[in-house]
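Structural characterization, general
One letter stands for each residue in the lines below.
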Amino acid sequence: MQLEQKNVLVGVSGGIAAYKTPDLVRKLKAQGANVRVVLTESATHFVSSLSLQAVSGEKVSTHLLDEDAEAGMGHIELARWADIFLIAPATANIMAKLAHGLADDLLTTLYLATPAPVLIAPAMNQQMWAAPATTANFELLLSRGVTTIGPAAGEQACGDMGYGRMAEPAEIVEALCAHCEMYLNEAPRETILKGKRILITAGPTREAIDPVRYISNHSSGKMGFALAEQAKNLGAEVILVAGPVSLETPVGVTRYDVISAQQMLDTVEQHVDQADIFIACAAVADYKVARENAQKLKKSGDELTIAFTQNPDILKTVASRSNPPFTLGFAAETENVEEYARIKLNKKRLNMIAANDVSIPGLGFNSDRNALMIITKNTTHRLAPETKDALALSLLKIMHEEYTHLQEVR
Ligand code: C5P
């Protein structure tokens, strides 16, 4: 019951995905939320207010100038009542209206009138999602603090394939719970990781070419740092081994800075014996320069050839120990995400892998947001796009369940 006594205002706009909202409302209620639903005029063509009234147990409002509704809970009162305002589905049209401050119906008026945090679950045809106007509106909403859940990729109602599907109700509820726990709960967090020692790698590594040059990658370290912070908040003792990043150390986390993959491995090996869980979030350079040059390389000729040799695989080394900790790896893929991640899970003999599609603009590398597919031997779990902090919290909870399950069957 992670939404116990939370007032969730659900705004439904007119997209085909609106047919999923009775299920969404039911799932929100199951988490203990008080739910009130507002429909736009066009949403009423996709879902009946009667079914939403039945599942929410409250009168559903549609019109701004509804005498009955205003005599009960007027629109300003409703806007103040909400602890959180969830708009699902959020169509391209509603996003455009929200971005530009139009308030010509109840839903859009509530958006302007509510002090509550706003979460949207976009849903539309993939071409509409990719349209520059939609992108600009979406960016504007994000820059004003709106949080987005999804959209997901897949087959669409119109037969197209691509981004624009509304995240599934279960994913929306999970993201909402994480959001509430992160930003709204004054109550102390759950401390499910109390007594656990977690070792985390984060950021890129840098492999020297000569005294002034190196090769590296675009990893910002944000996901690993978010995991360290959330694991600490959940009660764990956390050691963070960080490559070169410019991020503050989360309070209470012990941090070791390293540069190269070899240094990262050495530091991990110094601490892994004491770790219950190892999370490899670092984007370790696969190769290092075969022969590092002691002096700065001189410019010569049109082409330069540098020989590289493989770096040690830190995660694989840890997972192949005789008594390994629980291992969680990451996989950044640009295609066949689930398939490639599963291969990696088996090949490196991991307990769990979190895969992300780094080909999606605005997600993953060097961004504040991400989406993950969490894979174990027998399960696949999808987390819709969210802030890395909220995502880290959801991932740690799923990891804890799997960790506990493995301890029990041992
Ligand atoms: O094989 P690939 O590099 O895609 O595997 C990614 C996972 O392995 C990540 O969890 C990463 O932190 C870890 N890794 C590692 N050492 C390497 C390469 C990857 O720990 N040299």
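As a reminder, the structure under discussion sits directly above these lines.
Residues numbered from 1 in each chain as written. Predicted model: local features only at pLDDT ≥ 70, side-chain atom pairs only at ≥ 80, totals over all residues. Heavy atoms only, no water.

All right, on to helix 8 (residues 132-143) then. For the α-helix, the turn length of 3.6 residues means that residues three or four positions removed from each other point alike. Under the 1.5 Å per step criterion, the end-to-end length of helix 8 is 16 Å for 12 residues, consistent within 8% with the ideal 16 Å. Along helix 8, the residues classified as buried are Thr134, Asn137, Phe138 and Leu141. Each buried residue of helix 8 sits inside an arc of 100° when the element is viewed along its axis, so together they form one side. Among the exposed residues of helix 8, those oriented more than 90 degrees off its buried face are Pro132 and Ser143. Tucked into the core, helix 8 has its buried residues touching helix 5 (92-100), helix 6 (106-113), strand 4 (118-122), helix 7 (126-130), strand 5 (147-148) and strand 18 (369-375). Directly beyond the C-terminal end of helix 8, a positive phi value near 95° is found at Gly145. (Helix = DSSP H or I, 4+ residues; strand = E, 2+ residues; numbered from the N terminus. Expected span 1.5 Å × (residues − 1). Buried < 20%, exposed > 50% of the residue type's maximum accessible area, 1.4 Å probe, protein only. Arc of directions from axis to C-beta. Contact = heavy atoms within 4.5 Å.)

Spatially, 12-11-8-13-16-17-18-19 is the arrangement adopted by the eight strands of the open sheet, whose pairing is mixed. Looking at the sheet topology across the chains shown, the edges are occupied by strand 12 (254-257) and strand 19 (380-387). Direction aside, neighbouring strands of the sheet carry axes that sit 20° apart on average. Of the pairings in the sheet, the one linking strand 16 (residues 326-333) to strand 17 (residues 352-357) comprises six bridges and is parallel in character. Bridging across to strand 17, Ala331 finds its partner in Ala355. Against the sheet, helix 10 (residues 222-233) engages strand 8 (197-202), strand 11 (237-242), strand 12, strand 13 (277-280), strand 16 and strand 18, with an angle of about 165° to strand 11. (Pairing = 2+ DSSP bridges. Axes fitted to C-alpha atoms, helices over the stretch in contact; angles between N-to-C directions.)

Taken together, Ala280, Ala282, Val284, Asp286, Pro312, Asp313, Ile314, Leu315, Gly329, Phe330, Lys344 and Lys348 make up the full set of residues near the ligand. Contacts to the ligand include Pro312, whose backbone N or O atom sits 2.9 Å from a nitrogen atom. Measuring from an oxygen atom of the ligand, one finds a backbone N or O atom of Leu315 at 2.9 Å. Here the ligand loses 85% of its free accessible area of 450 Å² to cover by the protein chains. For the shell around the ligand, the secondary-structure elements that each account for two or more residues are helix 12 (314-319) and strand 16. Here the residues of the shell around the ligand sort into seven nonpolar, one polar and four charged. (Near = heavy atom within 4 Å. Polar contact = N/O pair within 3.5 Å; in protein donor to acceptor, adjacent residues only side chain to side chain. Areas by Shrake-Rupley, 256 points an atom, 1.4 Å probe, with all protein chains shown as cover. Nonpolar A, V, L, I, M, F, W, Y, C, P; charged D, E, K, R; others polar.)

Phi is mostly negative for residues that are not glycine, and the peptide bonds are mostly trans. With an omega dihedral of -10°, the bond running from Ala88 to Pro89 counts as a cis peptide bond. By secondary structure assignment, the location of Pro89 is in strand 3 (residues 84-90). A positive phi angle, near 55°, is found at Arg349, a position not held by glycine. Inspection of the secondary structure assignment puts Arg349 in the loop between helix 13 (337-347) and strand 17.

The sheet built from five strands is open, its strands ordered 2-1-3-4-5 with parallel pairing. Unpaired on one side and paired on the other, strand 2 (34-39) and strand 5 mark the two borders of the sheet. Two strands pair when backbone bridges link them, and strand 4 and strand 5 are joined in this way by two bridges, in the parallel orientation. Its bridge partner lying in strand 5, Ile120 is registered against Thr148. Running at roughly 155° to strand 3, helix 9 (residues 169-183) makes contact with strand 1 (7-12), strand 3, strand 4 and strand 5 of the sheet.

Another aspect to go through is the pairing of strand 11. Of the pairings in the sheet, the one linking strand 8 to strand 11 comprises six bridges and is parallel in character. Residue Ile200 lies in a different strand from strand 11, and its bridge partner there is Leu240. Sheet analysis places strand 11 next to strand 12, joined by four bridges and oriented parallel. Considered in strand 12, the bridge of Ala242 is made with Asp257.

Treat this as a map of the structure, not an account of what it does.
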